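Each chain, letter by letter, is given below.
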Amino acid sequence: MRVDISSIRQASVVKAFKRGKRKKALILTAEFPFLVIGKIKDVVGDYVCIDVETTHIDQLEGRIFNVHVDRIEVFYIEEKGYKIPKIPKGSICTKERGGAK
Amino acid sequence: MEKDKSIVGLDVDESSFEEQPKEDHEKELNKPIDKETEEKQLDQTTEEIQSGDLKTQNNEQKDAKITADISFIIPANLIFKEMLDKEVMVVMESDQLNILGQVFRPIFCGKVRKVTNGYLTLEPAIIKMNNAPFFHFPTPLCFPLERITYFLPFDCNTRIPIP
């Protein structure tokens, strides 16, 4: 049987998210909104459902995001010892605006 | 897509499908010799050899579990496993990333703490930002192997100009 190396790697990442259900995760993507932090609700196929607590845009917080796992550039699923730091609301947005102008 | 991945059989990544055929070969090789000469002694020795082999295999698996969490790393990923506990630089596929409104190129340094078939973990993870080339990220970071462009052993203290 021919096994595609790319799908092995992608599936292994999906599995990491499955193992991390109900834990907090940090995800960076090249695409908007770049950074999401929140609890992993579920994993469906190669999409992970995240209850987003923090992202760059205040208005998008508190929603369930379905993120395509194969498009994730960097991630971290919370483990013992390392907690994802809390980011005060608004601090990201104002910084970003300042940078743009 | 999901079908693909289930066929690939990643739910059984703990299984060691490489080892079984080897054992079968050994048995086949050993059997005829046993019949020809003193059966009991050879039986014992072959058993010892076989059990010894199993022990070493088990030890290897345990080591792998401790260091890499998943016991079986597919051969194509051994290049990453070799980097375990070494300092590396990792460059990702995207043009740029964005944390806290800071835009930066996806250049990371750090020590490889964990390697699985899908991703590797850097701890500590240093982000090579334009204005902060030694920015320690507060948590370890995981990088999907599939999205890595460059990957090299690298001394984290080296200063490099960041474009």
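Residues numbered from 1 in each chain as written. Chains lettered and ligands numbered in written order. Predicted model: local features only at pLDDT ≥ 70, side-chain atom pairs only at ≥ 80, totals over all residues. Heavy atoms only, no water.

Trainee: With reference to specific residues and values, describe the environment of P161 of chain B.
Mentor: Residue and element names in this part refer to chain B. Locating P161 in the fold gives a position in the segment after β8 (148–153). With a relative accessible area of 76%, P161 lands in the exposed category. Once the C-alpha coordinates of P161 and P133 are considered, the two residues, 28 residues apart in sequence, prove to be 8.8 Å apart. (Helix = DSSP H or I, 4+ residues; strand = E, 2+ residues; numbered from the N terminus. Buried < 20%, exposed > 50% of the residue type's maximum accessible area, 1.4 Å probe, protein only.)

Trainee: Before we move on, could you go through the nonpolar core and cite the residues and values that matter?
Mentor: Core analysis: the largest hydrophobic core is formed by 50 residues, its most contacted members being F17 of chain A together with F108, L120 and F143 of chain B. Not counting residues up to four positions away in its chain, the partners in contact with F143 of chain B are E73 and V74 of chain A together with V90, M92, F108, G118, Y119, L120, L122 and I148 of chain B. The next biggest cluster of nonpolar side chains, apart from the first, holds eight residues, and it includes I107, C109, C156 and I162 of chain B. (Core = buried A, V, L, I, M, F, W, Y, C linked by side-chain atoms within 4.5 Å. Contact = heavy atoms within 4.5 Å.)

Trainee: Provide a residue-level description of the pairing of strand β4 (residues 64–68) of chain A, including the pertinent values.
Mentor: All names here are of chain A. Covered by surrounding structure in β4 are F65 and V67 only, the residues I64, N66 and H68 on the alternate face being uncovered. Pairing of strand β3 (residues 47–55) with β4 involves five bridges; the strand directions are antiparallel. Residue I50 lies in a different strand from β4, and its bridge partner there is F65. (Pairing = 2+ DSSP bridges.)

Trainee: Talk me through the interface of chain A and chain B; I want residue IDs and the actual numbers.
Mentor: Counting from both sides, the interface comprises 40 residues of chain A and, opposite them, 42 residues of chain B. With both chains or domains summed, chain A and chain B bury close to 3,500 Å², and 64% of this area falls on carbon and sulfur atoms. A per-residue breakdown of the area chain A buries against chain B is headed by R9, E73 and Y82 of chain A, which together make up 19% of the total. Here chain A and chain B share two salt bridges between them. R147 of chain B is the salt-bridge partner of E73 of chain A, the closest N and O atoms lying 2.8 Å from each other. Seen at the junction of chain A and chain B, the total is nine residue pairs in polar contact (both at pLDDT 80 or more). Mapped by element, the contributors of at least two residues to the side of chain A that touches chain B are α1 (5–19), β1 (24–29), β5 (72–77) and α2 (91–100) of chain A. The greatest single-element share of the side of chain A that touches chain B, amounting to 13 residues, is contributed by α1 of chain A. Here the side of chain A that touches chain B is composed, by residue class, of 22 nonpolar, seven polar and 11 charged. (Buried area = accessible area lost by both parts, 1.4 Å probe. Salt bridge = Lys/Arg side-chain N within 4 Å of Asp/Glu carboxyl O. Polar contact = N/O pair within 3.5 Å; in protein donor to acceptor, adjacent residues only side chain to side chain. Nonpolar A, V, L, I, M, F, W, Y, C, P; charged D, E, K, R; others polar.)

Trainee: Explain the packing of aromatic side chains residue by residue, including any values.
Mentor: Given two aromatic rings, their pairing is described by the distance between the two centres and the angle made by the two planes. Here the structure, examined in full by the defined rule, presents seven aromatic pairs over all chains. Each member of the aromatic cluster is reached from another via a ring pair, and the members are F17 and F75 of chain A together with Y119 of chain B. (Phe/Tyr/Trp six-rings, centres within 6.5 Å; stacked < 30°, edge-to-face > 60°.)

Nothing here speaks to function; it is geometry throughout.
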